[in-house]
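So you can see what is in the structure, the chains are spelled out below.
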Amino acid sequence: RPVSLRIVDPTTEMLRNLESRFTDVRELSMSNISNLSYSDCLWGFRRDMLQKFGLVELVRSDGTPSAYSLLALRDTPPRAIDLEMTWNENRLRVPPGVQFDESTTFSVSEALYVAEHRSVYKNGTSFNVVGSDSIFFGDSAEVRRAYRPTVAILRQR
């Protein structure tokens, strides 16, 4: 008799199996990811489950503010990081009405995080979600600590 299996979080389950069961995956595209905690935990998934992928991008889906799309390309080189360009692009993401801290700076780890998570912006030392009434997503120290291993892995490519 078959055993019923309930997968509560299919996104996490899929990503967990990338290295053990889906080893030949070169391109991963997922949409309608509605679990906001995935967006919040991108750095953990990136470091632990997507480290062999050069390019990773998480984008808020058009028309569905709580849904995201994920693209991960294994054989594509990682994004080139230009800190000045990151600052300019980040500034454009700041929602109208939010006072932007002009002294905002980026480390390479933070710049990669903003490049990969297309729905966050940095303001001062905090990271927030675009279009979600400025949901706080972490501070600079958290992002640097979490993304430092990812930057190190990508530099070896």
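In this text the structure is predicted, and so the values were computed from the model without any measurement. Within each chain, residue numbers correspond to sequence positions counted from 1 in written order. Thresholds applied to this predicted model are a pLDDT of at least 70 for local features of residues and 80 or more for the giving and counting of side-chain atom pairs; totals over whole chains, interfaces and linings are not thresholded and use all residues. Computation of side-chain values covers all heavy atoms of the structure but excludes hydrogens and water.

> When you look at the environment of R155 in this model, what are you seeing that I'm missing?
Along the polypeptide, R155 turns up in helix α6 (residues 140–155). A simple rule labels every residue: compare its accessible area, found with a 1.4 Å probe on the protein chains alone, to the largest value its type can have, and call it buried under 20%, exposed over 50%, or partly exposed in between. Judged by relative accessible area, which is 62%, R155 ranks as exposed. Secondary structure is summarised from DSSP: a helix means a run of H or I of at least four residues, a strand means a run of E of at least two, and numbering begins at the N terminus for each.

> Can you walk me through helix α4 (residues 83–93) in this structure?
One full turn of an α-helix is made of 3.6 residues, so residues set three or four places apart face in the same direction. Listing the buried residues of α4 in full gives T86, N90 and R93. Buried residues along α4 cover an arc of 50° about the axis, so they all sit on one side. In α4, the exposed residues that point more than 90 degrees away from the buried face are E84, M85 and L92. Definition of a polar contact: a pair of N or O atoms within 3.5 Å, with one able to donate and the other able to accept a hydrogen when the atoms are protein atoms, and with sequence-neighbouring residues admitted only if both atoms are side-chain atoms. Of the residues that open α4, the one with a side-chain oxygen 3.0 Å from the backbone nitrogen of E84 is D82. It is the directions from the helix axis to the C-beta atoms whose arc is reported.

> Whenever I open this one, the pattern of salt bridges confuses me. Can you help?
Once the charged atoms of two side chains with opposite charge are near each other, the side chains can pair. In the sections that follow, a salt bridge refers to a side-chain nitrogen of Lys or Arg positioned within 4 Å of a carboxyl oxygen of Asp or Glu. Tallying each qualifying case throughout the model produces ten salt bridges. Put simply, R144 and E110 hold a salt bridge, and the shortest N to O gap is 3.2 Å. Taken together, the residues R144 in helix α6 and E110 in helix α5 (residues 108–116) connect sequence positions 34 residues apart. The exposure class of R144 is partly exposed, given its relative accessible area of 29%. Through salt bridges that share partners, E57, R79, E89, R93 and R118 make up one connected network.

> Where do I start with the sheet that holds strand β3 (residues 68–73) in this structure?
Whether two strands pair depends on DSSP finding at least two bridges between them. With respect to topology, three strands assemble into an open sheet ordered β1-β3-β2, the strand pairing being antiparallel. At either margin of the open sheet sits one strand with a lone partner, and together these are β1 (27–33) and β2 (55–60). This sheet shows a mean twist of 10° between the axes of neighbouring strands, independent of strand direction. Relative to β3, β2 runs antiparallel, the two being bridged by six bridges. Lines fitted to the C-alpha atoms define the axes, with helices restricted to the stretch that makes contact. Angles between their N-to-C directions range from 0 to 180 degrees.

> What's the story with the packing of aromatic side chains in this structure? I'm lost.
Ring pairs are drawn from Phe, Tyr and Trp, using the six-membered ring of Trp, whenever the two centres fall within 6.5 Å, and their geometry is named by plane angle: stacked under 30 degrees, edge-to-face over 60, tilted for the rest. What the rule picks out here adds up to three aromatic pairs. Ring centres of W87 and F100 lie 5.4 Å apart, and the angle between their planes is 65°; on these two criteria the pair is classed as edge-to-face. One end of the pair, W87, is in helix α4; the other, F100, is in the loop between α4 and α5, with 13 residues separating them in the sequence. Residue F100 is classed as buried on the basis of its relative accessible area, which comes to 5%.

> Can you help me understand the packing of α4 against α5 in this one?
How two helices pack is summed up by the angle between their axes together with the distance between the axes. Orientation of α4 relative to α5, taken along the N-to-C sense of each, is 45°, at an axis distance of 10 Å. As the angle between them shows, α4 and α5 are arranged oblique. In terms of crossing hand, the pair formed by α4 and α5 is left-handed. For the pair formed by α4 and α5, the contact residues are L83, T86, N90 and R93 on the first element and V108, A111 and V114 on the second. Roughly parallel means an angle under 35 degrees; roughly antiparallel means over 145; roughly perpendicular covers 65 to 115; every other angle is labelled oblique. In this scheme, a crossing is called left-handed if the near helix is turned counterclockwise away from the far one by less than a right angle; it is called right-handed if the turn is clockwise. Note on contacts: a residue pair qualifies if any of its non-hydrogen atoms lie within 4.5 Å across the two residues.

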